[in-house]
Structure formats: C-alpha cells, structure tokens
Amino acid sequence: MRNDTSNTHAQTDTNSVPTDTAATSRRDLRRRRTGRKRLIVAGAIAAAGLLVGTGFSVQSAVATQERINATQALNATSGFRHEQLGAYAGVAAAKAIDNAKDTITAANETLAAADGKADASGLAASVASLSDYKKISTEKVLDLTKVTRAEAAKTTAAIAAYDQAQVEAAAAAAAAAAQALANANTPDGARAYAADFAASQYGWGGDQFQCLDKLWQKESGWNYQAYNASSGATGIPQSLPGSKMATAGDDWETSAATQIRWGLGYISGAYGTPCSAWSHSQSMNWY
C-alpha cells in the first residue's frame, strides 16, 4: 500500500508545474523573443550603415526594395513568370526596331524629296542617330523614332510650302504672260512691243520705227485680227498666206507679238530695214 501511494505521488510531482515555475518560463520566452527582435533591429542598423558606407542611402535602399516588391506584386497579380516578362520585353524591343526601320525608310524618302526644296539637316541628323538602333537601348530607340518622325513631318510641311510657292509663282508668271499678250494685242501694245523688239534684236532705233509704224498702219492698222478677203493676207504684217507666221509661233493667229516677230524677220530678210520696206510700199503699194 505504501509503494502504490509513493508511485502516485511521484507521478503527480512529474506532471504538475508549480505556479512560480510557469511564470518563470513565460518570462524566459519573452526575453528570448525580445532578444531576437533586438538582433534583427541591430542587423538592419548594421546593414543600413553598410549601405551608407558604400555610397547608398537608407532611403535608396528602401526605394529599391519597394520597386522589388512592386515587381513581385505585378508578377503575382499578372500571373507572368520572370521568363515570360523577359519574353515580352524582347517582343517590345523587336517591335521598336521594326518601327525604327520603317521610320528610317520613310525619312529617307522625305530627304530625297526635300533636295533643293527645304532644309532637311535636322531630319538627316535624326536619321543618322536612329540608324544605330542595334547599339542603343530600346528606350532610346523609341525616343529617337519619335524625334525622327517629328522632323520628317516638319520637313514634309516645308516641302509642301515650297511646292505651293512654285505653283503660285507659275500661276503669277502665266497671268503676267497673259496680261502681256493682252496688252500686246492692242494697237498701242503692239507698237510698244515692236519698238522694243526691233531695237533689241535688230538695232533699229526711232527713225526706223517711224517707217515701220507708217508701214503697218497702212497694212493693218496694227490689228492682229486684220484679214484681206481679196488676197488672204493676214495679221499686222499682212502675211500671205497667214500660215507663214507659224514659223514664229504656233499662236500666230491669236498673238500680235508672234506676228510682229515674224514680220520684222521678213522685213530684215527682204528689204534690210523698215524704211526700205516703207519706200517699196509707197512706190508699189505692197511690200
């Protein structure tokens, strides 16, 4: 009986923990946990000191960690693995290069069109920089592609402005020529044109023009539409037939200037001077 009691008491002593002993165990556990926290803090402070000593700040380390965390979060939310993101980056780089090539091709065409029309030095410089697309970063390729396209648009606008100016200049010249023709087709305009052409091309001065003026006033009244129904003589110089004047211009039927050029050539060849032609006309009633 004493042995049984003793065993029971021994089991009770082994399985039960005194109150003061349990409290002590909890305090030890808290001390160990606090110690670990202090070690972690101390390690973080030491790491921060190491970063400062190597030229980095604690703020930059925190920012770097935040970017890492953000990237990890993006990977987690997007479902992309690291190698997948790398593949997409490769696709983006290839697309940037393709765009660069297309931009260079179009820009070179613009450069060719700008020759003699517009200052394309800015575009040429951009194309030269973008041509190194194999050696520079994707970001730089994108930036240069944007710049080159802007320069191409600027050059294209300059070419268009030049072409428009040329069209307007041609229209102005045509209008001036039409006005000159209209002026020359009047009797006074025809006289002025004949006097100028006779002096510049044949060296005939005012005395010769006086004879010419009398000759053609008699023949046609300086009217480019004059026509002699009985003989068929036509125009200011009364060419017979009128089609002879085509050697001076296809517009001989509508242009007093063309008729005058032909008529002065005829007088020079047949009589030498307008005064000689006038003398013949006075004596023969024709020239």
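Everything that follows concerns the structure shown earlier in this document.
What counts, and where the lines are drawn
Residues numbered from 1 in each chain as written. Predicted model: local features only at pLDDT ≥ 70, side-chain atom pairs only at ≥ 80, totals over all residues. Heavy atoms only, no water. Helix = DSSP H or I, 4+ residues; strand = E, 2+ residues; numbered from the N terminus. Buried < 20%, exposed > 50% of the residue type's maximum accessible area, 1.4 Å probe, protein only. Contact = heavy atoms within 4.5 Å. Areas by Shrake-Rupley, 256 points an atom, 1.4 Å probe, with all protein chains shown as cover. Axes fitted to C-alpha atoms, helices over the stretch in contact; angles between N-to-C directions. Parallel < 35°, antiparallel > 145°, perpendicular 65-115°, else oblique. Left-handed = near helix turned anticlockwise from the far one by under 90°. Nonpolar A, V, L, I, M, F, W, Y, C, P; charged D, E, K, R; others polar. Phe/Tyr/Trp six-rings, centres within 6.5 Å; stacked < 30°, edge-to-face > 60°. Expected span 1.5 Å × (residues − 1). Arc of directions from axis to C-beta.

Q: Give a description of the overall build of the protein that names residues and reports values.
A: Helices and strands together make up the secondary structure of the protein, namely ten helices and zero strands. Reading the helices (α) and strands (β) of the protein from amino to carboxyl end gives α-α-α-α-α-α-α-α-α-α. Counting only residues that meet the buried cut, the protein has 24% of its 287 residues in that class. Taking contacts inside the protein between residues at least 6 apart in sequence as the whole, the part at least 24 apart equals 52%. Surface exposure of the protein reaches about 18500 Å², of which carbon and sulfur atoms provide 57%.

Q: I'd like to hear about the packing of helix H5 (residues 121–130) against helix H6 (residues 138–184), residue by residue, with values.
A: One way to put it is that H5 packs onto H6 with a least axis distance of 9 Å and a crossing angle of 155°. It follows from the interaxial angle that H5 and H6 lie roughly antiparallel. The handedness of the crossing between H5 and H6 comes out as left-handed. Contacts between H5 and H6 involve Gly122, Leu123, Ser126, Val127, Ser129 and Leu130 from the first element and Val141, Leu144, Thr145, Val147, Thr148, Glu151, Ala152 and Thr155 from the second. Of the residues that constitute the contact of H5 with H6, the class distribution is seven nonpolar, six polar and one charged.

Q: Give me the packing of aromatic side chains: which residues, what numbers.
A: One pass over the full model with this rule turns up nine aromatic pairs. Ring centres of phenylalanine 209 and tryptophan 222 lie 6.3 Å apart, and the angle between their planes is 45°; this geometry places the pair in the tilted category. Placement of the pair is phenylalanine 209 in helix H8 (residues 206–219) and tryptophan 222 in the loop between H8 and helix H9 (256–270), with a sequence separation of 13 residues. In terms of burial, phenylalanine 209 and tryptophan 222 fall into one category: buried.

Q: I'd love a proper account of helix H7 (residues 187–202), names of residues and values included.
A: If you check H7, its first and last C-alpha atoms are 21 Å apart, about what 16 residues at 1.5 Å a residue would give, namely 22 Å. Among all positions in H7, only Gly189, Ala190, Ala194, Phe197 and Ala198 are buried. End-on view of H7: buried residues confined to an arc of 155°, all on one side of the axis. Away from its buried face, by an angle of more than 90 degrees, H7 presents the exposed residues Asp188, Ala192, Asp196 and Ser200. Elements in contact with the buried residues of H7: H6, H8 and H9. Glycine 203 occupies a position one or two residues after H7 and carries a positive phi of about 75°.

Q: Describe the environment of threonine 110, naming the residues involved and giving the relevant values.
A: In this fold, threonine 110 is placed in helix H4 (residues 82–114). Not counting chain neighbours up to four residues away, the residues in contact with threonine 110 comprise Leu123, Ala152, Thr155, Thr156 and Ile159.

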